[in-house]
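Each chain, letter by letter, is given below.
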Amino acid sequence: MNPAYDSRSFELTDVVFDGFRKLTLEQTGISLDETKRAMIMTRFSRRVRALGLNSFEEYLEVLSQSTHPERIEFIDTITTNLTYFFREPHHFEQLGQVIIPRLQSEQNSRKPIRIWSAGCSSGQEPYSIAMTALEAEHTGRRPVRILCTDIDSKMVGQTQRGRYKPTELRGMSPEQTQLWFARQSDGMLQAKDELVSMMVCKYMNLFGPWPIRQGVDVIFCRNVLIYFDVERQEKVVRGMAKLQDPGSTLFLGHSETISQCSDVYRRISNTVYERL
């Protein structure tokens, strides 16, 4: 039967839902509460049908195999990818008007300015960073490199390609779109090479190995911590602190705070923090 026309419904018992919650926490660090039950039903009914299985129990049995490729699909399906260009614009004002000019003015360094977009999703955040950096640096000699990481492998791939539907350019002005993107014959919009060349894209789980060397100038970790419990939030933030020198910058989402890490970061603006 074609999964697209399979009308079977599956029961999500408390035991099975607890299994999804446990696996999600183990694999992603995301803590699911009861309000996510409907989301699990909707998203994973499609995966059960696609695999030709008969129940959520069978699906969890597949996921219990640590090397099964469905584990990648599971992570890609469970993660949320709501994003748009220049989201929380005050961050990009701070980046373009204060931080990039300061880093470019460091006379004794021509090393790349290193920026990490942690949870880059489909790329709107790192491309917003890239555009801001290029518009701000003027005659700056230091190149800018943007590390783009996400737990969703499909999103990492889209970020690397830099191709978007017109409807995915929410947040961009017509002038910015014309300046930084080229319309393709299929109607897609392709980020220009000078933006794409700034991206270093990697799959990464924040609760796995971090293949990042010390000395990251700016970290964007926005609307990521909200999915973790307090203990895991602190683990992530302290891990980031180890990668940054004093004076470096951390951007968080509008509803995130790191009061438990006041010994390593101090708040300098609205959801903007400086490494101590």
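Scroll up to find the structure this text is about.
Residues numbered from 1 in each chain as written. Predicted model: local features only at pLDDT ≥ 70, side-chain atom pairs only at ≥ 80, totals over all residues. Heavy atoms only, no water.

Novice: Tell me about the pairing of strand β1 (residues 113-118), and name the residues and values.
Specialist: Among the six residues in β1, six count as buried, and that is most of the element. Side chains Ile-113, Ile-115 and Ser-117 of β1 all project onto a buried face; the interleaved residues Arg-114, Trp-116 and Ala-118 project onto the opposite face, where all are buried too. Note that β1 and strand β2 (residues 144-150) share six bridges and pair parallel. Pairing of Trp-116 across the sheet is with Leu-147, part of β2. As defined by bridge partners, β1 adjoins strand β7 (residues 218-221) across three bridges and the pair is classed as parallel. (Buried < 20%, exposed > 50% of the residue type's maximum accessible area, 1.4 Å probe, protein only. Helix = DSSP H or I, 4+ residues; strand = E, 2+ residues; numbered from the N terminus. Pairing = 2+ DSSP bridges.)

Novice: Pulling in residues and values, what's your account of helix α1 (residues 14-28)?
Specialist: Across its 15 residues, α1 extends 21 Å between first and last C-alpha, which sits within 8% of the 21 Å expected from 1.5 Å per residue. All of the buried residues in α1 are Val-16, Phe-17, Phe-20, Leu-23, Thr-24 and Thr-28. Along the long axis of α1, the arc covered by the buried residues comes to 125 degrees, so they all point the same way. Of the residues in α1, the exposed ones pointing more than 90 degrees away from the buried face are Asp-14, Val-15, Lys-22 and Glu-26. On the buried face of α1, the contacting elements are α2 (37-50), α3 (56-63) and α4 (70-78). One or two positions beyond α1, positive phi appears at Gly-29, with a value near 80 degrees. (Expected span 1.5 Å × (residues − 1). Arc of directions from axis to C-beta. Contact = heavy atoms within 4.5 Å.)

Novice: Tell me about the sheet that holds strand β10 (residues 272-275), residues and numbers included.
Specialist: One open sheet accounts for seven strands, arranged β6-β2-β1-β7-β8-β10-β9; its pairing is mixed. In this open sheet, the two edge strands, each paired with only one partner strand, are β6 (199-203) and β9 (265-269). The sheet shows a mean angle of 20 degrees between the axes of neighbouring strands, taken without regard to direction. In this sheet, β6 lies alongside β2 in parallel orientation, the contact comprising five bridges. Its bridge partner being in β6, Asp-150 is matched across the sheet by Tyr-203. Together, β1, β7, β8 (249-252), β9 and β10 form the strand contacts of helix α5 (residues 89-104), whose direction differs from that of β8 by roughly 170 degrees. Sheet strands touched by helix α7 (residues 153-161): β2 and β6. Its angle to β6, the strand with the most contacts, is close to 165 degrees. (Axes fitted to C-alpha atoms, helices over the stretch in contact; angles between N-to-C directions.)

Novice: How would you sum up the packing of aromatic side chains? Please name residues and give values.
Specialist: Inspection of the entire model under this criterion finds 16 aromatic pairs. One aromatic cluster is present, formed by Phe-10, Phe-20, Phe-44, Phe-56, Tyr-59 and Phe-74 through successive ring pairs. (Phe/Tyr/Trp six-rings, centres within 6.5 Å; stacked < 30°, edge-to-face > 60°.)

Novice: Break down unusual backbone geometry for me, citing the residues and quoting the values.
Specialist: Unlike most non-glycine residues, Glu-88 shows phi in positive territory, near 55 degrees. Among the structural elements, Glu-88 can be located in the loop between α4 and α5. Unusually for a residue other than glycine, Thr-271 sits at a positive phi of about 55 degrees. One can find Thr-271 in the loop between β9 and β10. For Thr-271, a relative accessible area of 5% corresponds to the buried category.

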